[in-house]
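Tertiary structure, described
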Amino acid sequence: MEGKVILMLANNNRSVINKLAENTIRTNKRQFFILFLTILLSSFMLFSIFTIGLTYLDLSRLQNTRLYGSEYDIAVMNGFTEDQRKILLNRSDVKSVGVLAYCGNVKSSDSDRSVNAGFLWGDKTYWESQKALAVTEMKGHYPQTRNELLATEEVLEACGKSSLSVGGCLSLTYEDYTGIHTTDFVISGIWKGYGGDKANFYVSKDFYEQTGYDLESSGILQVKFKSNYMTGKTIEKLKESLGLSLTQVFQASEYIERSLTILFAVLGLCFIICLSAYLLIYNILYLSVSGKIRYYGLLQTLGMTKKQLVRFIRKQILLVGVTGITAGIILGISVSLILAPYVVKVLGISLGNTGFYFYPEVLALSILVTAAAILCGVRKPIHIAADVTPVEAVKYRGNIVIPCARKKRQGNLYWRMAKDQLKNNKKRTAVVFLSLAMSLIVFFCLTTLIDSQGRRTVYPNYWDADFIVHNSTQTTEDITSLKPAIDDAFLSDIQKTAGVAEVHAVKGIPVVFPYEEGGFSDFWIKGCTKMKPYLTYSDAVSEYQKNPEKYYGMVKGIDESEFNYLNGSLGSIIDRQEFLSGKTAILQYAGFEIPKKWIGSSISFSTGNQKQEIKIGAVSYGDYYGATVNFGANLIVSENHLESLTSKPYVLSLTVKYKQSYDVETEKEIKNIIEANPYNHDLLSISKYDDMKTIQDSQSGMFETGTVISLLLLLVGMLNYINTMANSMQNRKLTFSIMESVGMSKKQVKKLLIREGMLYAGGSVFITLTIGTGITWFIFQSMNYMKIPFAIPVLPLLCAILLVMILCALTPIVTYKRTVRNRSVTERLREYE
Amino acid sequence: MERVIVKTNSLSKHYHIGTQTVIALDGVNFEVKEREFVSIIGKSGCGKSTLLHMIGGLDLPTSGTVIVDGMNLSEMNEEQLALFRRRKAGFIFQQYNLIPDLNIYDNITFPLELDGAVVDKEFIQELVETLHIADKLEMFPSMLSGGEQQRAAIARALATKPAIILADEPTGNLDTSASHDVIGLLKVIAEKYQQTLIVITHDLDIAQMADRTVRLQDGKIWKGK
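The numbering scheme is per chain: residues are counted from 1 as the chain's sequence reads. To read the labels, note that chains go from A and ligands from 1, taken in the order they are written. Predicted model: local features are reported for residues with pLDDT of at least 70 only, side-chain atom pairs are reported and counted for 80 or more only, and whole-chain, interface and lining totals are derived from all residues. Neither water nor hydrogens contribute to the side-chain values; these are computed over all heavy atoms in the structure.

1. Side note on the overall build of chain A
- Segments assigned H or I by DSSP are reported as helices when at least four residues long, segments assigned E as strands when at least two residues long, and all are numbered from the N terminus. Each helix and strand in chain A was counted, giving 29 helices and 19 strands.
- Residues classed as buried in chain A amount to 54% of the 833 residues present.
- In chain A, of all internal contacts separated by at least 6 residues, the share reaching a separation of at least 24 is 82%.
- Element-wise, carbon and sulfur atoms account for 58% of the exposed surface of chain A, whose accessible area totals about 37,700 Å². Burial classes: relative accessible area under 20% of the type maximum marks a residue as buried, over 50% as exposed, and values in between as partly exposed (1.4 Å probe, protein chains only). The contact definition used throughout considers only heavy atoms, calling two residues in contact when any of these lie within 4.5 Å. For the area figures, the Shrake-Rupley method with a 1.4 Å probe applies, and any residue is considered shielded solely by the protein chains shown.

So this is what it looks like as structure tokens:
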């Protein structure tokens, strides 16, 4: 007998498969809706997180620009050569090279005899490109002529000229490298904005050129790269290419130094978000396709080939996928480009030059990742569906995982069954854990980062005080200028304020260092003449000998705990007993560094008519205690020793600590006490609360944007969980029906489901608190170029955890109710017969 | 005289499928005495399973009453019905309906644990030995053959020592030899523990093993021409 050959001829069945696919989706709305929702959520999450995330990064860069006062990545200080400037200008990776230079300090104005302000000159690139982001308002123009000044409200107030506007005149006495001058100036412009330069005047190029300062010895080059991310090697090579002299200082901003780490941390976050989207789609697709095995078997029984079946499944997924991605992107655009900017506008938050922009690359990435997740996710279930025989398919009763043989165990039935449920379906458990934990971790991470940008961005001041008051009655040259602006009554008023926990006073008296050839005063004169080129050494010595009190210094007394703090910062080199007993002092000066050779030698000084001598235990660079403005050096001695030198020392500053940091009421009361002080114009206040407010102001929208991202991720994570549980309930319908058929009541089912939810919540919280803390710490430190201490934002984290726990407990119950609806056990069992 | 343990009065059940109403049971009056073995036969869709489900409290009638062991199931709420199924009735399904996530031992003791009752280990051991599945207790349903799964399902149905055992085509998925074994075991156990046994079957041989056979046709008890 001859064998017959059946030829498989190609025929056009595309239309029938397409029609079948569309009909299947229509008749299985509920299951396909879950898949649709998953794809929608994933593309939405990717699009909105990346869009808002990029805005967040822009805002954080803006904050740095505002904190530093201008936008730059590298600064070359202590002068630069024209060749070095050209090298930088010729580099293809450099966006701009700005020039900034200091050219003198204001000593007094016609309205204030003690002014502490400087003169700065910036070139066009600096002012128009690098400084622009930190300037929020500008009236008038940058100085063009020699007598023009660009001011801020702050510097005008410091000069006692707060009423001046553009075009107004003021007379200033200032010192530059050519001497001390008094000149009439015109205000060419007033700017508002951010930066430490607000206490200075900007001058014209003409003015700069006549001050005696030159760019080669005191100019600053500010470099901004085109890219926001640079490797350490590139920065190092750039430094080498400049051939810096010994005196030049090359300083990369801490942001650019850590930029690659920041980039990797951001990419790590992106990877976590993409992975989360992929896992979710994969799991739901797997459950969705493999849940229809019986149906696919039926189609095979009716003559559908494997190839046609694969095409049929792909067609369904394609339809749902395209709709889901489109809907997700539309939702993403609505939230991140319409809703978020609207909310920001309503809240009155200024985003400067940044804002919520449409990034085509984000759109492409969102579509690509979602599509890749769909393609990868559909492969395995298609394989299962195509490989199962029609007979096997008909017997298929859902995704039953075959667990390993297990001995009978003890313990509460519900907990045991809930644990089994998690163990038996490891893939689903992993997806739920990952999805929830990732949302919590990203929330944890972002809230930690955001939180650290607020209060803790305030650089800790002396003793981390909440409020500092300086007695600034003193003038540089007049030894008798110091007044008792902070007296006992004032001190007592501050101490009595309700919210004040601690008040600490730094006291001192002016001292004169008599001229001794080869001695400390001689050394000091030499140092000063180097800094003031218009003075000759011999003139300075003769002037000093005539009026040593014009170059007076201060003796300041500190207590034991302050000594411990200062000694610790100096490497604990001073003998405690010797210092406290008044045998040694710390020589402190902010003008230039005092060599260590002075340690061990004795210095003479006089207070009034009394001549004294003290041994130097240590030298220190700076002026921390009392922020005095005397020309001469400071001697830090023990409190007791100061009292032995004078019966009535002046209080130089008060350091106040509140019971509750940033307490507005206490702050207000202290400011009122200062206002009532007759010397209130000469009391300089430094407030941690005000600093915090300034920084918060410079953040403009960062907190809100970050919070939107965190909450969005938390929401997406929760929606993922709801979606996964809804799918899980669909797949476990039969099991619940069986359990109910043998006597399990709905109440008992709910008990079981609550426990399952609590295990999911517990697992996710555990992962968050362990691995999440590690990840958060790592990312925090990677981005922590401002060296802010790591602290966990407990309250938001607790709220998020609580929210997740409630959601985990309630979702299975609600989804179970929706799955069961009001159908009897019989009806539900029959679905599987 | 043996008392009536199951009694239905004008029992009707209607299902709505789209705009159509399907009458699954139509005024059935049916009685079963204590310790009786009754088989129910009839064509597919005649209402056999519906009747069994009504007696077992898995579904509520559209009209009429079902009284089992003196309890009117038609008046019970969901919680009471669950308690009834757990304590009074033992179900055996054609598809075995074992819980896939639990091993055989846990499946058998599941209704007892739901009740918070202490598991009578000796009794369970006796049951599983009688049903020849004592060596399968640590395994999961998917690891067992059809016959073994059905015997596990019987063990679960008997574990609570229910007053009435309801078996819906328990041999439908088994071969002839296994079918006779299963029914034989059921009968022996029901006699041993003085339980009432109601079995739905298509197999006339099995039906003949019962004390009495009831035929259903178009939702009614067929009384013969």
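Once the structure has been displayed, the description carries forward.
2. Side note on the environment of Pro381 of chain A
- Topologically, Pro381 of chain A is positioned in helix 13 (residues 360-387).
- Spatially, the C-alpha atoms of Pro381 of chain A and Thr65 of chain A are 52 Å apart, while their sequence positions differ by 316 residues.

3. Some thoughts on the nonpolar core
- Grouped together as the largest cluster of nonpolar side chains are 73 residues, with contacts concentrated most on Phe30, Leu51, Ile55, Phe110 and Ile198 of chain B.
- Per element, the largest residue contribution to this core is nine residues, and it comes from helix 28 (residues 794-820) of chain A.
- In this text, buried Ala, Val, Leu, Ile, Met, Phe, Trp, Tyr and Cys residues form a nonpolar core when linked through side-chain atoms within 4.5 Å. Listed in part, the 66 residues of the second largest apolar core include Ala21, Ile25, Tyr359 and Leu446 of chain A.

4. A look at a nonpolar patch on the surface
- Only residues whose relative accessible area exceeds 30% and that form no salt bridge enter a patch; like-charged residues are grouped when within 9 Å of one another, and nonpolar side chains (Val, Leu, Ile, Met, Phe, Trp, Tyr) when within 5 Å. By definition here, a salt bridge exists when the distance from a side-chain nitrogen of Lys or Arg to a carboxyl oxygen of Asp or Glu is within 4 Å. Taken together, the side chains of Leu802, Ile806, Leu810 and Val814 of chain A make up a nonpolar region of the molecular surface, amounting to roughly 380 Å² of accessible area.
- In this fold, Leu810 of chain A is placed in helix 28.

5. With respect to the pairing of strand 6 (residues 169-176) of chain A
All names here are of chain A.
- Of all eight residues in strand 6, seven are buried, a share of seventy percent or more.
- Both strand 6 and strand 7 (residues 179-193) contribute to a ladder of eight bridges, which runs antiparallel. Across the sheet, Tyr174 pairs through a bridge with His181, a residue of strand 7.
- Counting the residues in the hairpin turn of strand 6 and strand 7 gives two residues. When DSSP finds at least two bridges between two strands, those strands are taken to pair.

6. Describing helix 13 of chain A
Residues and elements named next belong to chain A.
- An ideal rise of 1.5 Å per residue puts 40 Å on 28 residues; helix 13 measures up with 41 Å between its terminal C-alpha atoms.
- The largest bend in helix 13 comes to about 30°, at Arg379, with the proline Pro381 one to four residues further on.
- Taken as a whole, helix 13 has its buried residues at Val362, Ser366, Val369, Thr370, Ala373, Ile374, Gly377, Val378, Pro381, Ile382, Ala385 and Ala386. Every helix has an expected span of 1.5 Å times one less than the residues it contains. At any given residue, the bend is defined as the angle formed between two axes, one fitted to the seven residues that end at that position and one fitted to the seven that begin there.

7. Describing the environment of Leu158 of chain B
- Within the fold, Leu158 of chain B resides in helix 5 (residues 146-158).
- In this structure Leu158 of chain B touches Phe123, Leu127, Ile165, Ile189 and Gln195 of chain B, once residues within four positions along its chain are discounted.

8. With respect to the sheet that holds strand 7 (residues 164-168) of chain B
All names here are of chain B.
- The strand order across the open sheet formed by six strands is 6-7-8-3-9-10, and the pairing between neighbours is mixed. In this open sheet, the two strands that pair with only one neighbour each are strand 6 (89-92) and strand 10 (220-221).
- Here two bridges tie strand 9 (residues 212-217) to strand 10, and the two strands are oriented antiparallel to one another. Residue Gln217 lies in a different strand from strand 10, and its bridge partner there is Lys220.
- Comment: axis = line fitted to C-alpha atoms, over the contacting stretch for helices; angle = value between 0 and 180 degrees taken between N-to-C directions. The strands touched by helix 5 are strand 6 and strand 7; relative to strand 6, the strand with the most contacts, the crossing angle is about 170°.

9. Examining helix 5 of chain B
- For helix 5 of chain B, which comprises 13 residues, the first-to-last C-alpha distance of 18 Å matches the rise-based estimate of 18 Å (1.5 Å per residue) to within 8%.
- The element helix 5 of chain B is largely enclosed, with a buried count of twelve among its 13 residues.
- Of the residues making up helix 5 of chain B, those classed as buried are Gly147, Glu148, Gln149, Gln150, Arg151, Ala152, Ala153, Ile154, Ala155, Arg156, Ala157 and Leu158 of chain B.
- As for helix 5 of chain B, its buried residues are in contact with helix 26 (733-741) of chain A together with strand 6, helix 3 (104-114), helix 4 (121-130), strand 7 and helix 6 (176-192) of chain B.

10. Overview of the packing of aromatic side chains
- For Phe, Tyr and Trp, where Trp contributes only its six-membered ring, two rings pair if their centres lie within 6.5 Å, and the inter-plane angle classes them as stacked under 30 degrees, edge-to-face over 60, or tilted in between. For the coordinates displayed, the defined rule picks out 33 aromatic pairs over all chains.
- An angle of 75° between the planes, with centres 6.0 Å apart, marks the rings of Phe433 of chain A and Tyr760 of chain A as edge-to-face. Remark: Tyr760 of chain A occurs in helix 27 (residues 746-783) and Phe433 of chain A occurs in helix 16 (residues 426-453); sequence separation between them is 327 residues.
- Phe433 of chain A sits in the buried class, given a relative accessible area of 18%.
- Centroid distance Tyr544 of chain A to Tyr551 of chain A: 5.2 Å. Interplanar angle 20°. Geometry classified as stacked.
- Exposure remark for Tyr551 of chain A: the relative accessible area of 16% places this residue in the buried category.
- Cluster of aromatic residues (ring-pair linked, three or more members): Phe119, Tyr174, Phe185, Phe201 and Phe207 of chain A.
- Each ring is checked for a lysine NZ or an arginine CZ that lies within 6 Å of its centre and within 35 degrees of its normal; such an atom marks a charge sitting over the ring. Looking at Lys161 of chain B, its charged tip hangs above the ring of Phe123 of chain B, at a distance of 4.6 Å from the centre.
- If you follow Arg215 of chain B out to its NZ or CZ, it ends over the ring of Trp222 of chain B, 4.8 Å from the centre.

11. Quick look at unusual backbone geometry
- In the Ramachandran plot, Asn78 of chain A falls in the positive-phi region, its phi being about 60° despite a non-glycine side chain.
- Looking at where Asn78 of chain A falls in the secondary structure, it is placed in the loop between strand 1 (74-77) and helix 3 (82-90).
- With relative accessibility at 40%, the residue Asn78 of chain A sits in the partly exposed group.
- Within the chain, His132 of chain B stands out as a residue other than glycine whose phi angle is a positive 60°.
- You can see His132 of chain B is positioned in the loop between helix 4 and helix 5.

12. Here's the deal with the pairing of strand 4 (residues 63-68) of chain B
Residues and elements named next belong to chain B.
- With five bridges joining them, strand 1 (residues 4-17) and strand 4 adopt antiparallel strand pairing. What sits directly across from Thr8, in strand 4, is Val66.
- In terms of strand pairing, strand 4 meets strand 5 (residues 71-72) through two bridges, oriented antiparallel. Residue pairing across strands places Ile67 opposite Asn72, the latter belonging to strand 5.
- Linking strand 4 to strand 5, which pair antiparallel, is a turn of two residues; within it Asp69 sits at a positive phi near 50°.

13. Regarding the sheet that holds strand 19 (residues 683-687) of chain A
Residues and elements named next belong to chain A.
- What the nine strands build is an open sheet, ordered 15-16-14-17-13-12-18-11-19; its pairing is mixed. Each edge of the sheet is formed by a strand with only one pairing partner; in this case those strands are strand 15 (602-607) and strand 19. Going from strand to strand, the sheet's axes swing by 30° on average, the running direction of each strand aside.
- One ladder, built from three bridges, connects strand 14 (residues 584-589) with strand 17 (residues 634-638); its direction is antiparallel. Counted as the bridge partner of Leu587 is Leu635 from strand 17.
- The sheet contacts of helix 23 (residues 664-676) involve strand 11 (467-471), strand 12 (500-511), strand 18 (650-658) and strand 19, and relative to strand 11 the element is tilted by about 10°.

14. Things to note about the domain arrangement of chain A
Residues and elements named next belong to chain A.
- Each domain's extent is set by a domain assignment, obtained either automatically or from a database. Domain assignment breaks chain A into domain 1 (14-60 + 261-455 + 699-830), domain 2 (73-252) and domain 3 (467-660).
- For domain 2 and domain 3, the distance between their C-alpha centres works out to 31 Å.
- If you look at the interface, domain 2 gives nine residues, while domain 3 gives eleven residues.
- Put simply, buried area is how much 1.4 Å-probe accessible surface two parts lose in total, over both of them, once they are put together. Roughly 720 Å² is buried in total at the junction of domain 2 and domain 3, and carbon and sulfur atoms are behind 48% of that figure.
- Ranking the residues of domain 2 by area buried against domain 3 places Arg113, Glu175 and Tyr177 at the top, with a combined share of 60%.
- Whenever a nitrogen or oxygen atom comes within 3.5 Å of another N or O atom, the pair is scored as a polar contact, on the condition that within protein one atom can donate a hydrogen and the other can accept it, and that pairs from neighbouring residues in sequence are kept only if both atoms are in side chains. Taken together, domain 2 and domain 3 are joined by zero residue pairs in polar contact (both at pLDDT 80 or more).
- Where the side of domain 2 that touches domain 3 is concerned, the elements lending two or more residues are strand 6 and strand 7.
- In the scheme used here, Gly and all other residues not listed as nonpolar or charged are polar, with Ala, Val, Leu, Ile, Met, Phe, Trp, Tyr, Cys and Pro taken as nonpolar and Asp, Glu, Lys and Arg as charged. Here the residues of the side of domain 2 that touches domain 3 sort into two nonpolar, three polar and four charged.

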